[in-house]
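Geometric and topological summary
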Amino acid sequence: WKHTYIDESLLKKKLSSNHKIGIILLVKNPYSFLLSLHKKPYHNPLKKLLVFEDFIVSDWKTQKRENLDINKINPVQLWNTKMDNCIEIKKIFNEHVILIKYEQLVSNPADVINAISDQFGLIKPDKFKNYKRSTKSVYKDYKYYADYYTNEKWRNDLNEESIKKINKYLNFQICKKLGYSVIK
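The text that follows walks through the structure, step by step, so that each part is easy to find. All figures in this text were calculated on a predicted structure; none of them were measured in a lab.

The next subject is the pattern of salt bridges. This structure, assessed with the given rule, holds 10 salt bridges. A salt bridge links Glu 8 to Lys 12; the shortest N-O distance between them is 3.3 Å. Taken together, the residues Glu 8 and Lys 12, both in helix H1 (residues 8-17) and 4 residues apart, mark about one turn of the helix. Lys 153 is the partner of Asp 147 in a salt bridge, and the nearest nitrogen-oxygen pair spans 2.7 Å. Looking at Asp 147, the relative accessible area reads 27%, which means it is partly exposed. Each of Asp 54, Glu 161 and Lys 165 takes part in salt bridges that share partners, so that together they form one network.

To continue, consider helix H7 (residues 142-150). Regarding H7, the residues found buried are Tyr 145, Ala 146, Tyr 148 and Tyr 149. The arc that holds the buried residues of H7, viewed along the axis, is 170°, so those residues lie on one side. For H7, the elements touching its buried residues are helix H2 (30-39) and helix H5 (102-107). Looking at the residues trailing H7, positive phi occurs at Glu 152, about 50°.

Next up on the list: the nonpolar core. By size, the foremost hydrophobic cluster in this structure holds 41 residues, and its most contacted members are Phe 52, Trp 79, Trp 154, Leu 158, Ile 166 and Leu 178. A per-element tally of this core places helix H4 (residues 75-92) first, with 7 residues. Here Phe 52 is in contact with Leu 34, Leu 35, His 38, Leu 158, Ser 162 and Ile 166, once residues within four sequence places are set aside.

Burial along strand S1 (residues 23-27) is one-sided: Ile 23, Leu 25 and Val 27 are buried, while Ile 24 and Leu 26, pointing the other way, are not. Note: S1 against strand S2 (residues 97-101), 5 bridges, orientation parallel. Counterpart to Leu 26 in the pairing with S2 is Ile 100.

Another aspect to go through is the packing of aromatic side chains. Counted under the stated rule, the structure contains 8 aromatic pairs. Considering the side-chain rings of Tyr 31 and Trp 154, the 6.3 Å spacing of their centres and the 5° angle between planes classify their relative orientation as stacked. With Tyr 31 in helix H2 and Trp 154 in the loop between H7 and helix H8 (160-169), this residue pair connects regions lying 123 residues apart in the sequence. Trp 154 carries the same exposure label as Tyr 31, and that label is buried. Relative to Tyr 148, the ring of Tyr 144 has its centre 5.6 Å away and its plane inclined at 15°; by these criteria the two rings are stacked. Highlighted residues: Tyr 144 and Tyr 148, both in helix H7, separated by 4 residues, approximately one helical turn. An aromatic cluster of three or more residues is present, and its members are Tyr 102, Tyr 144, Tyr 145, Tyr 148 and Tyr 149. The lysine or arginine in question, Lys 28, covers the ring of Tyr 102, its NZ or CZ lying 4.8 Å from the ring centre. Across the ring face of Tyr 180, the terminal group of Lys 101 is positioned such that the distance to the ring centre comes to 4.5 Å.

Conventions and cut-offs
Residues numbered from 1 in each chain as written. Predicted model: local features only at pLDDT ≥ 70, side-chain atom pairs only at ≥ 80, totals over all residues. Heavy atoms only, no water. Salt bridge = Lys/Arg side-chain N within 4 Å of Asp/Glu carboxyl O. Helix = DSSP H or I, 4+ residues; strand = E, 2+ residues; numbered from the N terminus. Buried < 20%, exposed > 50% of the residue type's maximum accessible area, 1.4 Å probe, protein only. Arc of directions from axis to C-beta. Contact = heavy atoms within 4.5 Å. Core = buried A, V, L, I, M, F, W, Y, C linked by side-chain atoms within 4.5 Å. Pairing = 2+ DSSP bridges. Phe/Tyr/Trp six-rings, centres within 6.5 Å; stacked < 30°, edge-to-face > 60°. Lys NZ or Arg CZ within 6 Å of the ring centre and 35° of its normal.

Below, the structure written as structure tokens:
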């Protein structure tokens, strides 16, 4: 599942039997991640009914597919845990892993495809075709998302209270390692 916590021992086992495996880790700014998770809380649909300020400090019920055996965690701690896992997986399995920021993907997808090709020794496509339609809304397209994330328009959906609540739980060291600024 795209939001899973990666089991290091399982990955070691898979890589020992196939050295050609490449892992793409896609990370996202913690603030925009939380806004997105609130809009689409997957297996926790009732969380959508909470105002954002309450959502970010509410208990997040993890699912088996998330690969996390944590009973009490809030969405900010969920981001911390999963991003720390990405950093560790990249550190341990470096040549098999590329870590990409979602913001890079939406701002310049062709460059990201080229970086993936370079990392894993793949043949670069002659021509890059970007899909412009959104799978989430007929009213939003690639241009919308590129603008929203590249220009950090999601900041307009945050208020002082939500920023304080996020920052209370946010691991600033993980933000720094991933190149994300903490909003004050």
